[in-house]
Structure formats: C-alpha cells, structure tokens
Amino acid sequence: MGEPITDSMKATELKSLVEAGSYKPDPSRVASAMLRRRGVRELLTGAYGGGADRTPRSGPLHHRAA
C-alpha cells in the first residue's frame, strides 16, 4: 500500500486497514497530528496539570478521554 491516505477515505475503510495491519502511517504525520492536540502539547511542555513549575504528583496516572 504505497498511496497516502486522503481526506476522502471513509473511517470504516481506515479502521479495517488498521485492524488488518495493512496501514502503517508516516511517523511524521502521526507526530504532527499528536502535536495539534492541546492535551499532548501540555503534557510535553509540562503545562499539563498546573504548570511547569510544579513538581509531578506521585501515584497512578489518570488518562483523559481523547
């Protein structure tokens, strides 16, 4: 599968490709998509949960729904 995924591809088509292991996205596209999400940017910059000047909390991590 050498052709890029287009915006016109239906979610069901993409899901079946992913489940079959036939779709391997370009890592740079994955990174770009992740960085567009505010929660990921906050996590990477240390702003997640109160700011970079706070010390990390101990205990289990609680994940937000995507």
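Values in this document were obtained by computation on a predicted structure and should not be read as measured data.

Quick look at the overall build of the protein chain
Move 1: A tally of regular secondary structure across the protein chain gives 3 helices and 0 strands.
Move 2: The order of α-helices and β-strands along the protein chain, N terminus first, is α-α-α.
Move 3: Within the protein chain, buried positions represent 6% of all 66 residues.

Points about the pattern of salt bridges
Move 1: Tallied over the full model, the rule gives 2 salt bridges.
Move 2: The closest approach of N and O atoms between Lys-15 and Glu-19, which form a salt bridge, is 4.0 Å. Taken together, the residues Lys-15 and Glu-19, both in helix H1 (residues 11-20) and 4 residues apart, mark about one turn of the helix. As far as burial versus exposure is concerned, Lys-15 and Glu-19 are alike and both exposed.

Digging into the environment of Met-9
Move 1: Position of Met-9 relative to the elements: it lies in the segment before H1.
Move 2: With residues near it in sequence (within four places) discarded, Met-9 still touches Leu-14 and Leu-17.

A word on the confidence of the model for the protein chain
Move 1: Taken over all residues, the pLDDT of the protein chain has a mean of 74, while the share at 70 or more is 59%.
Move 2: Per-element mean pLDDT across the protein chain ranges from 86 in helix H3 (residues 38-45) up to 90 in helix H2 (residues 27-35).

What counts, and at which threshold
Residues numbered from 1 in each chain as written. Predicted model: local features only at pLDDT ≥ 70, side-chain atom pairs only at ≥ 80, totals over all residues. Heavy atoms only, no water. Helix = DSSP H or I, 4+ residues; strand = E, 2+ residues; numbered from the N terminus. Buried < 20%, exposed > 50% of the residue type's maximum accessible area, 1.4 Å probe, protein only. Salt bridge = Lys/Arg side-chain N within 4 Å of Asp/Glu carboxyl O. Contact = heavy atoms within 4.5 Å. pLDDT = per-residue confidence, 0-100.

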